[in-house]
Amino acid sequence: MHGSRIAAVGHYQPARILTNEELASRVDTSDEWIRSRVGIRTRHIAGPEEPVDELAAHAGGKALAAAGLTPDAIDLVLVATSTAIDRSPNMAARVAARLGVPGPAALDLNVVCAGFTHALATADHTVRAGAATRALVIGADKMSEVTDWTDRTTCVLTGDGAGAAVVEACGPGEEPGIGPVLWGSVPEMGNAVRIEGTPPRFAQEGQSVYRWATTQLPPLARAACERAGLTPADLAAVVLHQANLRIIEPLAERIGAVNAVIARDVVDSGNTSAASIPMALSKLVERGEVSSGEPVLLFGFGGNLSYAGQVVRCP
């Protein structure tokens, strides 16, 4: 049990960009209203011919390429998503088929916005236990498919995309690159964020989520740092679930990560649920804003009022 590390990351977004101005032509809103309340300028929207597994496979393929690996190196595929319409085959099996991964364990996790950090912890635990050697962990959601585009309180938030990480075992004597997870939930408040009904639609109690996130999560995020043997001041970057800029900025400040780069991908991508953390991390790496080996706090929260966070070493 030598621990695990993130070897590489990758991300993918559909080409179609939906601006605030275009939304304002559909519902009673404006660019100023959206920016002042949620901080979003644009979001990417997948077409009907772009299912969730296609988004996920693009991101997974990029992560594999960045790691210098071929699909046969993977023996576990984990996909975090809450927008899979079909029940079987699951997204992980479909992604494995698209990428040509031979015979992996293939599991989906539905923890909504905290899905990727739950999946990353699951991959870390599986590798540590010796049940897998190398995992492809993906967060992918097509939120546009569950959005009510006549509801101005939610349609301004959502976007589509996917992010991925290759997780592999550390060698003997190598420091683990994925720290201990801190995870949990508030089940009695689970209805504050919902994707339900026929057809399924995203809805939330915005003020309840805002108060919970900005008041209850900072000590939990600090505790995740403590589990990794670090203080928030040691962090090089903080990648929170990209829910809303008005949540991200005060939450990051209250964590106390005074020296960290704060991911703000929500501005250009909107809320992409399980995709938001790996996508934002991949962009920080791609732009060179965080150096290899530096500590990064990942912290997901939201649907089910679940949360999960861990400190990782940047690939």
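The paragraphs below set out a description of the structure included in this document.

Definitions and cut-offs
Residues numbered from 1 in each chain as written. Predicted model: local features only at pLDDT ≥ 70, side-chain atom pairs only at ≥ 80, totals over all residues. Heavy atoms only, no water. Helix = DSSP H or I, 4+ residues; strand = E, 2+ residues; numbered from the N terminus. Contact = heavy atoms within 4.5 Å. Core = buried A, V, L, I, M, F, W, Y, C linked by side-chain atoms within 4.5 Å. Buried < 20%, exposed > 50% of the residue type's maximum accessible area, 1.4 Å probe, protein only. Polar contact = N/O pair within 3.5 Å; in protein donor to acceptor, adjacent residues only side chain to side chain. Pairing = 2+ DSSP bridges. Axes fitted to C-alpha atoms, helices over the stretch in contact; angles between N-to-C directions. Expected span 1.5 Å × (residues − 1). Parallel < 35°, antiparallel > 145°, perpendicular 65-115°, else oblique. Left-handed = near helix turned anticlockwise from the far one by under 90°. Nonpolar A, V, L, I, M, F, W, Y, C, P; charged D, E, K, R; others polar.

**Regarding the side chain of Lys283**
With respect to the element layout, Lys283 can be found in helix 9 (residues 276–286). Beyond its immediate chain neighbours, meaning those up to four positions away, Lys283 contacts His11, Gln13, Asp265 and Ser269.

**Re the nonpolar core**
In terms of nonpolar packing, the biggest core is built from 46 residues, with Trp212, Leu217, Leu235, Val238, Leu240, Leu297 and Phe301 touching the most fellow members. Mapped onto this core, the elements with two or more residues apiece are helix 2 (31–38), helix 6 (206–227), strand 11 (237–240), helix 7 (245–255), helix 8 (266–269), strand 13 (295–301) and strand 14 (306–313). Top contributing element to this core by residue count: helix 6, with seven residues. If near-sequence neighbours (up to four positions away) are discounted, Val238 is found in contact with Ala257, Ala260, Val261, Ile262, Ala263 and Leu297. Core analysis: the second largest hydrophobic core is formed by 31 residues, Ala80, Val137, Ala263 and Val312 among them.

**Observations concerning helix 7**
Leu245, Ile247, Ile248, Pro250, Leu251, Ala252 and Ile255 are the residues of helix 7 that are buried. Those residues of helix 7 hidden inside the fold are in contact with helix 2, helix 6, strand 11, strand 12 (261–262), helix 8 and strand 13. The backbone nitrogen of Arg246 has a side-chain oxygen 2.7 Å away, supplied by the residue at the start of helix 7, namely Asn244. Positive phi shows up at Gly256, right after helix 7, with a value of about 95°.

**Some thoughts on the sheet that holds strand 7 (residues 160–169)**
Here five strands make up an open sheet; going across it, the order is 1-7-6-4-5 and the pairing mixed. In this open sheet, the two edge strands, each paired with only one partner strand, are strand 1 (4–12) and strand 5 (105–109). Strand after strand, the sheet turns through a mean of 15° between neighbouring axes, direction not considered. With eight bridges joining them, strand 1 and strand 7 adopt antiparallel strand pairing. Across the sheet, the residue bridging to Val9 is Ala165, located in strand 7. Against the sheet, helix 5 (residues 115–128) touches strand 1, strand 4 (76–80), strand 5, strand 6 (134–142) and strand 7, its axis set at about 160° to strand 4.

**A closer look at helix 3 (residues 52–67)**
The end-to-end C-alpha separation of helix 3 is 23 Å, in line with the 22 Å expected for 16 residues at 1.5 Å each. The set of residues buried in helix 3 consists of Val52, Asp53, Glu54, Leu55, Ala56, Ala57, Ala59, Gly60, Ala63 and Leu64. Structurally, helix 3 contributes buried residues whose contacts are with strand 1, helix 4 (91–99), strand 6 and strand 7.

**Concerning the packing of helix 6 against helix 7**
As a packed pair, helix 6 and helix 7 sit with axes 9 Å apart at the nearest point and diverge in direction by 30°. Relative to helix 7, helix 6 is oriented roughly parallel. Relative to helix 7, the crossing made by helix 6 is right-handed. In this structure, helix 6 contributes Val209, Tyr210, Ala213, Thr214, Thr215, Leu217, Pro218, Ala221 and Arg222 to the contact, and helix 7 contributes Arg246, Ile247, Pro250, Leu251, Arg254 and Ile255. Here the contact of helix 6 with helix 7 is built from residues that sort into 10 nonpolar, two polar and three charged.

**Quick notes on the pairing of strand 10 (residues 201–204)**
In the sheet, strand 9 (residues 193–196) pairs with strand 10 via four bridges, with the strands oriented antiparallel. Looking across to strand 10, one finds that Ile195 is bridged to Phe202. Taking the residues that link successive antiparallel strands as the turn, the strand 9-strand 10 hairpin has four residues, and the phi of Gly197 there is positive, at about 100°.

**Comments concerning the sheet that holds strand 12**
With respect to topology, five strands assemble into an open sheet ordered 8-14-13-11-12, the strand pairing being mixed. Two strands close off the open sheet at either side, each with one partner strand: strand 8 (182–185) and strand 12. Lying over the sheet, helix 5 contacts strand 8, strand 13 and strand 14, oriented at roughly 55° with respect to strand 14. Where helix 6 meets the sheet, it contacts strand 8, strand 13 and strand 14, and its direction lies at approximately 140° from that of strand 13.

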